[in-house]
Amino acid sequence: FYALYMRSGLAKRVVTLHPSPPVLDANSSSAKVSPARFWGSYRPQVYFGMKTRSPRSIVTGMMWMRQFSDVDVNLRHTCEQGDRLQGYGWLMHDGITFGVQEIRDNDFTLTTEFVKRMGGDHGGDWTWRITAKQHSSAPQAPVISLMFYAAADTQGSLEAQVEERNRLASITGFSEELGNFKITFRKPVTGELSGAKYASYNYLQTKSPGLEKLTDIVKHSLNRRFVYSPPSGEKRHYIAVDTYKPPHHPNQQKPADTRKEGDFVVYQVTVQTPFQIEVLFESGSFHNRPNQLVGSIMTQELEKRKAEFDARFEKTFGLESKGFSQAHVKFGKAALSNMLGGMGYFYGQSVVQSVYNEYPLLYPEGALFTAVPSRSFFPRGFLWDEGFHQLLLSKWDPQVTREAIAHWIDLINIEGWIPREQILGDEARSKVPAEFVVQHNENANPPTLFLALQELIEQFSSNPEKVETQLTLPFLRRLFPRLKTWFEWYNTTQKGPRPNSYRWRGRDKDTNLFLNPKTLTSGLDDYPRASHPSAEERHVDLHCWMALSSGIMASIAQLLGEPHQDYELSHQVLSDNNLLNELHWSEQLRAFSDWGNHTQMVALQKEKVYVPPGQPRHQFPVARLVRSVLRPPKPQYVNALGYVSLFPFLLHILSPDSPKLEHILRDMRDSNKLWTPYGLRSLSKADKLYMQRNTEHDAPYWRGPIWININYLAVRALHHYSNTEGPYQEKATALYEELRTNIIDNVYRQYIETGYIWEQYSDSSGRGQGSHPFTGWSALTVLMMAEQY
Ligand code: 6A9
C-alpha cells in the first residue's frame, strides 16, 4: 500500500505546479488591469484575426476566397504554406494599438489594418479596414468573398442582426470578459469618399463544437446556388455560406460534446476589386465615444500611428541614420512587426509524462503569452526560440518581454521543469501530429530566457533612473524563487558523468534507425553527437549554457540583495578555460567537441529482406534503411566541427587571449569548413555527416544549412571580441564586418525575391528553405542591422 502511495505521489509531481506565488497576478492580463493590451492580433495561426488575452476569448477573424476561379474552393483562413501565397505578414505593428498587414494572393492583394481605441471597462473598441487591389498582371478585376466571423469559445453569446433580407448588418454579443458589444459590418466602397459598391451578401449562424472546426464548418456550408448579378455584367453563380448541417457519421455512437460548443456567426460579402471594407467593434461600456472610428477618422488615426511607428522605429534601431536604404528599412520594420504581430495568447493544457506515469497526463491549465517561430508551420510557443524572440522585442517594448518571460516561468512545475513545446488548447493541438504532443519531464531545451533577462538587466543598469526600466526590479523579485528552481533543475537533471560536465537527456534511443540519433532537446536536432547515446556523454553547448546561466543568476541575485556567491562560484568554475579545455578540447579536431561513446564508421544501408525462392518480391516489405556500425564505438571525442564547437566563443566564455580563439576564427572563415557568403553553415563541409540524411525520410536540418539564431550569436560574439583587448581583436573586427554584411544581404535579398523570411538558408545558394514565414529568430537580422547586441 505504501509503495503504491509513493508511486502515485511521484507520478503527480510532473503535473504539480511550482508552489511559490506566480509571477503574474491571476488577473494581470484582464481588461481591468491591462486594458491597452487586452485585444490584439493574438491568433498568429490565422491570416487575420483578433482575440483578447483571456482563457475563453470570443475570437474574431476573416476567411476569404476568390470567386469564379479554376480552382474549386480556395478558402483561406489559417496560415498554410500549401496556400502558396506570394507573401503575407505585418508590415507595421506596434504590439498594442495598431497594425498593417499585406497579404499577396495570386492576382490580388489584401491589406488588413486594425486600430484600437481605448474607452469603457472592457478593452475598448477597434476597427478593421480591408483594402483589396488587383495585381496589374491580372486580366480582369477578380471578384472576392470576404468572410468575417466571430466565434464564442464555450462561453458568451452571439446574435446575428439581419437587414435587407440576407445582409448581416451587425453581430451583437455578450461575454464574461467583454460585457455587451456590437460588431458592425460596413458596406464595401471603392475608396473612402465614394459610395457603396455592388455586392452580394450571405451569412451563417450556427454552433461550433470547437475553434479548430471553424474552417470545416464554413467549407461544409458552402453552396453554389447563389447568383452574383452586377448592374453591368453577366449573371453568374457564386459560392457562399448557406445552411450548415454537421457531416453525417453513420458509425458515430457518441453524441457531440456540447460542452465545447459556442456560437459562430459568419458574414460574407462578395465584391469585385478594388474595394475597401470596414468592420467595427464597439464595447458596450464605452459610453462617451466622440465619434465612430470609421472612414476619414480611421484614415487619420492610421496615418498618425504609422508616423509614430516610423519615428519610434528609427529612434529604437537607427537604421536610417546608419545609411540603410528605404527598402532595407521597410524590411526591418516588417521583420519586427511580424514578430510582434505573431504574438499569441494561448490557453490550455500540455500533455506530459514522467518515468512514473504509465500514460501521459494533462498538465494544469495555463496561459501563455508568447511570440511564435512561424505563423504557418509552428504557431505556438517553443522554449528556446522565445529567448531569441525576446532579444529583439525587449528593445522595442521591455514590457512585452517581462510579460512573456513571466508567462513561461509561471508554467514551471514543482521540479523546476518547463515543457519545451507548448501545445495549448484544441486549436494548437489540431496542428500537431499525435506523436509529437507528449512532453517528457527529463527533457530540457537551452535556457535562452537568460539571454533576454541579461538584456533587461543591462537596460536597467545602464539607465536606472528611467521609469520603464525600473519595473524590471520588482519583476525579477517575483521571478527569482522560480528562476532558482529552474536553474537547479538544469544543474541537477542534466549533469554529466564528470564533475562540472553536462549532458542533454532525451536523445533518440532507437539507434539503429538513424545515421546519428537526434538530440531534439538541445535545439540542434540532428547535429551530430556521439553515435551511441550513453550516460558517459558530455555536451559542450550545454556546458556553455550553464556557464552563461549561472553568471546571470549571480547578477540577478546580487541586484536583489540575495546570496549570490554560489552562483558566482559556479559561473567561475564553468567559465574556467582550463576546465573547458580539459573536458572539451579535442587536439585531433583542434576544436571544442562533445565527448561520448562514439564511432565515425556508421552508414545507412538497405536492410536485407529475405524473399523465399519462387515467391513474388512485391509481397514482402520494402527494404528500409537501417544503420550499420562498421567499427564499434569507444569513448572518445565526437569531433564534429560546427555550431556546437563554437559555443565557448558564441557565449563569450573563451578568454580573449585564448589561443583557441585563433583556431575558432580560422575555422569560421574557412570556406571548406564553416564560411559561406550567406552566413556560417551549421556543420563543416569537411564533416562526414555534412548534408547527410538521418533516415530516408529525414533530410539534413542542422547538418549544413545556415540558421540565423546561431549566426546572430556569432556576430554578437565577434562584436564582443572586437571590443575586448586581446591578440585576436583585429581579426575579430574584420570577421564581424564581413559576417554581418553577408547575413543581412542574404536574408534581405531572399525576402525581396521570395516575399518571405525563412527558417534556414541554404549554405550552397543562400536560398531560403524550410518553414516560412519564419519571423522567429530569423528576425534577429534587425538587431544585426542596428548593431545592437
Ligand atoms: C513538428 C509538425 C504541421 C526545429 O522553431 C521551433 C523548433 C526549434 O526550436 C528547433 O530548434 N523547430 C528546430 O530544430 C521547429 C520544430 C517543429 C516541430 C513540430 C510538427 C507540424 O506539422
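The structure we're discussing is the one just above.
What counts, and where the lines are drawn
Residues numbered from 1 in each chain as written. Predicted model: local features only at pLDDT ≥ 70, side-chain atom pairs only at ≥ 80, totals over all residues. Heavy atoms only, no water. Helix = DSSP H or I, 4+ residues; strand = E, 2+ residues; numbered from the N terminus. Rg over C-alpha atoms; globule rule 2.2 N^0.38 Å. Buried < 20%, exposed > 50% of the residue type's maximum accessible area, 1.4 Å probe, protein only. Contact = heavy atoms within 4.5 Å. Areas by Shrake-Rupley, 256 points an atom, 1.4 Å probe, with all protein chains shown as cover. Pairing = 2+ DSSP bridges. Axes fitted to C-alpha atoms, helices over the stretch in contact; angles between N-to-C directions. 1 Å grid on protein atoms, 1.4 Å probe; cavity = no way out; pocket = protein on both sides within 12 Å on 5 of 7 lines; lining within 4 Å. Points joined across faces, edges and corners; volume = space filled by probe spheres on them. Nonpolar A, V, L, I, M, F, W, Y, C, P; charged D, E, K, R; others polar. Near = heavy atom within 4 Å. Polar contact = N/O pair within 3.5 Å; in protein donor to acceptor, adjacent residues only side chain to side chain. Left-handed = near helix turned anticlockwise from the far one by under 90°. Core = buried A, V, L, I, M, F, W, Y, C linked by side-chain atoms within 4.5 Å. Salt bridge = Lys/Arg side-chain N within 4 Å of Asp/Glu carboxyl O. Parallel < 35°, antiparallel > 145°, perpendicular 65-115°, else oblique. Arc of directions from axis to C-beta.

A. Highlighting the overall build of the protein. If you tally the helices and strands in the protein, you get 18 helices and 33 strands. Relative to the compact-globule value of 28 Å for 789 residues, the protein shows a C-alpha radius of gyration of 28 Å, a close match. Projected onto its principal axes, the C-alpha coordinates of the protein cover approximately 85 × 80 × 65 Å. By the burial criterion, 60% of the 789 residues in the protein qualify as buried. Long-range pairs, those at least 24 residues apart, make up 70% of the contacts in the protein between residues at least 6 apart in sequence. For the protein, the computed accessible surface area is about 32,000 Å², with 51% contributed by carbon and sulfur atoms.

B. Here's a closer look at the sheet that holds strand β4 (residues 87–93). Strand order across the open sheet formed by 8 strands is β4-β5-β6-β7-β16-β11-β10-β9, with antiparallel pairing between neighbours. Two strands lie at the open edges of the sheet, namely β4 and β9 (157–163), each paired on one side alone. Neighbour-to-neighbour, the strand axes of the sheet open up by a mean angle of 15°, direction not taken into account. Where strand β10 (residues 167–175) and strand β11 (residues 179–185) come together, 6 bridges link them in antiparallel fashion. Opposite I171, over in β11, you have I183 as the bridge partner. Across the sheet, helix α3 (residues 295–317) is in contact with β4, β5 (98–104), β6 (108–117), β7 (125–134) and β16 (275–283); its angle to β6 comes to roughly 90°.

C. Quick peek at the layout of surface pockets. For the largest pocket, the calculated volume is near 1,600 Å³. Lining the largest pocket are 50 residues, with E421, F436, L520, D525 and Y701 sitting closest to its centre. Contributions of two or more residues to the lining of the largest pocket are made by α5 (383–396) and β23 (439–440). For the lining of the largest pocket, the per-class residue count stands at 20 nonpolar, 14 polar and 16 charged.

D. Summary view of empty space enclosed by the protein. On inspection of all chains with the given rule, the structure shows 6 cavities of 30 Å³ or more. The calculated volume of the largest cavity comes to roughly 110 Å³. Across the lining of the largest cavity, the residue classes break down as 5 nonpolar, 5 polar and 3 charged.

E. Representation of the site of the ligand. Residues in close proximity to the ligand total 17 residues, the closest being W384, D385, G523, D525 and W702. A distance of 2.6 Å separates an oxygen atom of the ligand from a polar atom in the side chain of D385. For the ligand, the accessible surface in isolation is 560 Å², of which the surrounding protein chains cover 82%. Across the shell around the ligand, the residue classes break down as 11 nonpolar, 1 polar and 5 charged.

F. Layout of the packing of helix α10 (residues 472–493) against helix α11 (residues 540–560). Packing of α10 against α11 brings their axes to within 10 Å, and their N-to-C directions diverge by 145°. As α10 packs across α11, the resulting crossing turns out to be left-handed. Counting all contacts with α10, which are made through L473, L476, R477, F480, L483, K484, F487, Y490 and N491, the residues of α11 involved are M546, S549, S550, M553, I556, A557, L559 and L560. When the residues that make up the contact of α10 with α11 are grouped by side-chain class, the tally is 12 nonpolar, 3 polar and 2 charged.

G. Local environment of the environment of Y748. Tracing the backbone shows Y748 in helix α17 (residues 729–754). What makes Y748 buried here is its relative accessible area of 14%. When the C-alpha atoms of Y748 and W707 are compared, they prove to be 14 Å apart, with 41 residues separating the residues in sequence.

H. View of the sheet that holds β23. Ordered by their spatial adjacency, 3 strands build an open sheet running β19-β18-β23, and the pairing between neighbours is mixed. Because the sheet does not close on itself, it has two edges, and the strands there are β19 (361–362) and β23. Note that strand β18 (residues 351–353) and β23 share 2 bridges and pair parallel. By the bridge assignment for β23, V352 is matched with Q439.

I. Main features of the nonpolar core. One finds L146, F148, L453 and F649 to be the most contacted residues of the largest nonpolar core, which totals 200 residues. At 13 residues, the largest contribution of residues to this core is made by α11. With near-sequence residues (within four places) excluded, L453 lies in contact with I405, F475, L476, L479, L483, I552 and I556. Judged by nonpolar contacts, the second largest core, of 19 residues, contains V59, M65, L204 and F264.

J. Representation of the pairing of β4 in the model. Burial within β4 is extensive, with 6 of its 7 residues counted as buried. Summarising the sheet, β4 and β5 pair through 6 bridges and their orientation is antiparallel. Bridge pairing in β5 places M92 opposite V100. Hairpin geometry of β4 and β5 is characterised by an intervening segment of 4 residues between the two adjacent antiparallel strands and by a positive phi of about 85° at G95.

K. Focus on the environment of F436. Here F436 lies in the loop between α7 (425–429) and β23. As a C-alpha pair, F436 and E421 span 15 residues in sequence and 9.2 Å in three-dimensional space.

L. The pattern of salt bridges, seen in detail. Evaluated as defined, the whole model comprises 43 salt bridges. Here R43 makes a salt bridge to E427, at a shortest N to O gap of 3.3 Å. Here R43, found in the loop between β1 (39–40) and β2 (49–52), pairs with E427, found in helix α7; they are 384 residues apart in sequence, far enough to count as distant. This pair shows no difference in class: R43 is buried, exactly as E427 is. Residues participating in the shared-partner salt-bridge network are R76, D83 and D105.

M. Representation of the packing of α3 against α5. Relative to each other, α3 and α5 sit at 115°, their axes nearing to 9 Å. Judged on the interaxial angle alone, α5 and α3 are roughly perpendicular. In this structure, α3 contributes F309, R312, F313, T316 and F317 to the contact, and α5 contributes L392, K395 and W396. Grouping the constituent residues of the contact of α3 with α5 by class yields 5 nonpolar, 1 polar and 2 charged.

N. Expanded view of helix α12 (residues 565–575). Regarding α12, the residues found buried are Y567, L574 and S575. Along the axis of α12, the buried residues cluster in a sector spanning 95°; they form a single face. Within α12, the exposed residues directed more than 90 degrees away from the buried face are Q565, D566 and L569. Buried-residue contacts for α12 involve α10, α11 and α13 (577–584).

O. Quick peek at the pairing of β6. Among the 10 residues that make up β6, 9 are buried, leaving the element largely enclosed by the rest of the structure. Bridge analysis of β5 against β6 gives 7 bridges, and the strand direction is antiparallel. If you follow Q101 over to β6, its bridge partner there is T112. Linkage of β5 to β6, two consecutive antiparallel strands, is achieved through a turn of 3 residues. Sheet topology places β6 next to β7; 10 bridges connect them, and they run antiparallel.

P. Highlighting the environment of W486. When you line up the elements, W486 lands in helix α10. The sequence separation of W486 and I414 amounts to 72 residues, and the corresponding C-alpha distance is 9.5 Å. When near neighbours in sequence (up to four residues on either side) are disregarded, W486 contacts L383, I409, I412, G416, I418, P447, L449 and F450.

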